[in-house]
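# An overview of the molecular structure
Okay, here's what each chain looks like letter by letter:
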Amino acid sequence: MNVDSRGRLILSVLVALILTVLPLPPWLDVVRPAFLVLTVLYWSVNAPRAGGLAIGFFAGLLLDVFQGPVLGEHALALSLITYIAVREHQRIRSKPAIQQALIVFAALILYEMVLFMIDGWTGHPVTSPLRWVHTVTGALIWPPAAAILSYGAGHRV
């Protein structure tokens, strides 16, 4: 991966971080996809050597600084799904977009389960069913998000 591609990776992660922490009205905040998680998943599947676990960990740490009640919870959850995505990147990449969206849905559920458990263990439980809505919106937005990221990365769709 050259310097220009690495710059695109970092820029896309920073834009996704901004989209994730940007203040929205409460009704719109519930359905906001986890843009940062989707972006890290994209790069983990399509360029696993570009950032690998490091990009997942540091992106999660940045998200913790902006919105996490416990420092390190997003870093742990994002590192876990990044590890799985990097490990299985060839299998995931070979699937059609609909099947990739289902895999992303499962990854988002795992990500949210880790956050749910950490929140419960630390005394910050969020038990509302609305907590899980962004997993569905993330899976629905995966095909166009992957197409936009691949266009920005110079890959063919």
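Since we're looking at a predicted model, the values are computed, not measured.

### Overview of the overall build of the protein chain
When helices and strands are counted, the protein chain shows eight helices and zero strands. From first element to last, N terminus to C terminus, the protein chain shows the α and β order α-α-α-α-α-α-α-α. Against the compact-globule benchmark of 15 Å for 157 residues, the protein chain has a radius of gyration of 15 Å, which places it among compact chains. Each principal axis of the C-alpha distribution contributes one length, and for the protein chain these read about 45 × 30 × 30 Å. Out of the 157 residues in the protein chain, the part that is buried amounts to 41%. Long-range pairs, those at least 24 residues apart, make up 68% of the contacts in the protein chain with a sequence separation of at least 6. Carbon and sulfur atoms form 71% of the exposed surface of the protein chain, whose accessible area is close to 8800 Å².

### Here we look at a nonpolar patch on the surface
A surface patch of nonpolar side chains, amounting to about 600 Å² of accessible area, comprises Ile10, Leu14, Leu62, Val65, Phe66 and Leu71. Taken together, the elements giving at least two residues each to the nonpolar patch come down to helix H1 (3-21) and helix H4 (52-67). Element by element, the count of residues in the nonpolar patch is highest for H4, at three residues. Assignment of secondary structure puts Leu71 in the loop between H4 and helix H5 (73-87). Here Leu71 falls in the exposed class, since its relative accessible area comes to 65%.

### A few points about the nonpolar core
Counting residues in each nonpolar core, the largest one holds 34 residues, and the members touching the most others are Leu36, Val37, Leu41, Leu78, Tyr111 and Trp142. Among the elements of the structure, H1, helix H3 (35-46), H4, H5, helix H7 (97-121) and helix H8 (133-153) are those that each provide at least two residues to this core. Setting aside residues no more than four positions away along its own chain, Leu78 makes contact with Leu36, Val37, Val40, Gly56, Ala59, Gly60 and Tyr111.

### Some words on the pattern of salt bridges
Any two side chains of opposite charge can pair, on the condition that their charged atoms come close. Overall, the coordinates contain five salt bridges when judged by the stated rule. Across the pair Asp29 and Arg32 runs a salt bridge, and its minimum N-O distance is 2.5 Å. By relative accessible area, Asp29 is classed as partly exposed at 38%. The network of salt bridges with shared partners includes Arg87, Glu88 and Arg91.

What counts, and at which threshold
- Along each chain, residues carry numbers from 1 onward, in the same order as the chain's sequence is written.
- Only residues with pLDDT of 70 or above have their local features reported here, since the model is predicted, and side-chain atom pairs are shown and tallied only from 80 upward, although totals for entire chains, interfaces and linings are computed over all residues.
- Side-chain numbers come from the whole structure's heavy atoms, not from hydrogens or water.
- Secondary structure is summarised from DSSP: a helix means a run of H or I of at least four residues, a strand means a run of E of at least two, and numbering begins at the N terminus for each.
- Note that the radius of gyration is over C-alpha atoms, with the globule rule given as 2.2 Å times the number of residues to the power 0.38.
- For each residue, the accessible area found with a 1.4 Å probe, counting protein chains only, is set against the maximum for its type, and the residue is called buried under 20%, exposed over 50%, and partly exposed in between.
- Should any heavy atoms of two residues lie within 4.5 Å, those residues are counted as being in contact.
- Method for areas: the Shrake-Rupley scheme with a 1.4 Å probe, in which residue coverage is limited to the protein chains shown.
- Within the patch definition used here, like charges are joined within 9 Å and nonpolar side chains (Val, Leu, Ile, Met, Phe, Trp, Tyr) within 5 Å, considering only residues with over 30% relative accessible area and no salt bridge.
- Note on definitions: salt bridges are taken to be side-chain nitrogens of Lys or Arg within 4 Å of carboxyl oxygens of Asp or Glu.
- Each nonpolar core is a collection of buried residues, namely Ala, Val, Leu, Ile, Met, Phe, Trp, Tyr and Cys, held together in the definition by side-chain atoms within 4.5 Å.

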